[in-house]
Amino acid sequence: MPLHWKLVIDCADPHRQAAFWGAALDYTVEDHSALVARLLDAGAVTPEAVTELDGRPAWRTLAAVRHPEDPYDPASGTGLGRRILFQAVPEAKQAKNRLHLDLHPGPVERAATVARLRALGATVLREVSEPAGTWTTMADPEGNEFDVQ
């Protein structure tokens, strides 16, 4: 039986990263406020573990996005399918990613997608054209590289 998985990305600001990648991928930013409030009320988590985001309680060090067509748990807001979790870590990014996302809008939409991602806060690192293909290598708002093909 295949394993369920999620991609976890270390970052400085998980909510900023979730907002960027949610918009970049047209994914849904998960709303965990009901779960956070329930755990706070029960005394299972302390207020130090929580922040406020758009007037709702949210995890201070975690945020996630999920594919909008995938199932999710309405009681917790947690995606049960394709999902990316962003977790705050104290150290900054220091070297090239060992893992990255490739976005595939296709050759006709690549330039428009690059422009849209730049407007969301990404930067273009380089344009690549070689026999294997053509793509734009970009960096998200925290400097994590990804390719748009």
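Structure's up top.
Parameters and conventions
Residues numbered from 1 in each chain as written. Predicted model: local features only at pLDDT ≥ 70, side-chain atom pairs only at ≥ 80, totals over all residues. Heavy atoms only, no water. Pairing = 2+ DSSP bridges. Helix = DSSP H or I, 4+ residues; strand = E, 2+ residues; numbered from the N terminus. Core = buried A, V, L, I, M, F, W, Y, C linked by side-chain atoms within 4.5 Å. Buried < 20%, exposed > 50% of the residue type's maximum accessible area, 1.4 Å probe, protein only. Polar contact = N/O pair within 3.5 Å; in protein donor to acceptor, adjacent residues only side chain to side chain. Contact = heavy atoms within 4.5 Å. Salt bridge = Lys/Arg side-chain N within 4 Å of Asp/Glu carboxyl O.

> Would you mind going over the sheet that holds strand E9 (residues 102-103) with me for this structure?
Two modes of strand pairing occur in sheets, parallel and antiparallel, and in both the strands are linked by backbone hydrogen bonds. With mixed pairing, 4 strands are arranged side by side in an open sheet as E9-E12-E11-E10. Because the sheet does not close on itself, it has two edges, and the strands there are E9 and strand E10 (123-130). Alignment of strand E11 (residues 133-139) against strand E12 (residues 145-148), held across 4 bridges, turns out to be antiparallel. Counterpart to Ala139 in the pairing with E12 is Glu145.

> Got a minute to help me understand the nonpolar core in this structure?
A general trend in soluble globular proteins is that nonpolar side chains are found buried together. Phe20, Trp21, Phe86, Leu117, Met138, Phe146 and Val148 are the most contacted members of the largest nonpolar core, which totals 18 residues. At the level of secondary structure, the elements contributing two or more residues to this core comprise strand E1 (7-11), helix H1 (14-25), strand E5 (62-66), strand E8 (83-88), helix H3 (110-120) and E12. In terms of residue count, the dominant contributor to this core is H1 (4 residues). Ranked by size, the runner-up nonpolar core spans 5 residues in total, among them Leu35, Val36, Val45 and Trp59.

> Would you explain the side chain of Thr136 in this entry?
Considering the arrangement of structural elements, one finds Thr136 in strand E11. A distance of 2.6 Å separates a polar atom in the side chain of Thr136 from a polar atom in the side chain of Arg110. In this view, Thr136 contacts Arg110, Val114, Val124, Arg126, Glu127, Phe146, Asp147 and Val148; residues no more than four positions away in its chain are not counted.

> Whenever I open this one, the pattern of salt bridges confuses me. Can you help?
Opposite charge on two side chains permits them to pair, given that their charged atoms come into close proximity. One pass over the structure, following the stated rule, counts 5 salt bridges. The salt bridge involving Asp31 is made with Arg56; its shortest N-O contact spans 3.4 Å. Here Asp31, found in the loop between strand E2 (28-29) and helix H2 (33-41), pairs with Arg56, found in strand E4 (residues 56-59); they are 25 residues apart in sequence, far enough to count as distant. The class of Arg56 is partly exposed, set by a relative accessible area of 34%. Between Glu145 and Lys93 there is a salt bridge, and its shortest N-O distance comes to 3.5 Å. Highlighted residues: Glu145 in strand E12 and Lys93 in the loop between E8 and E9, separated in sequence by 52 residues. Look at Lys93 and you get partly exposed, because its relative accessible area is 35%.

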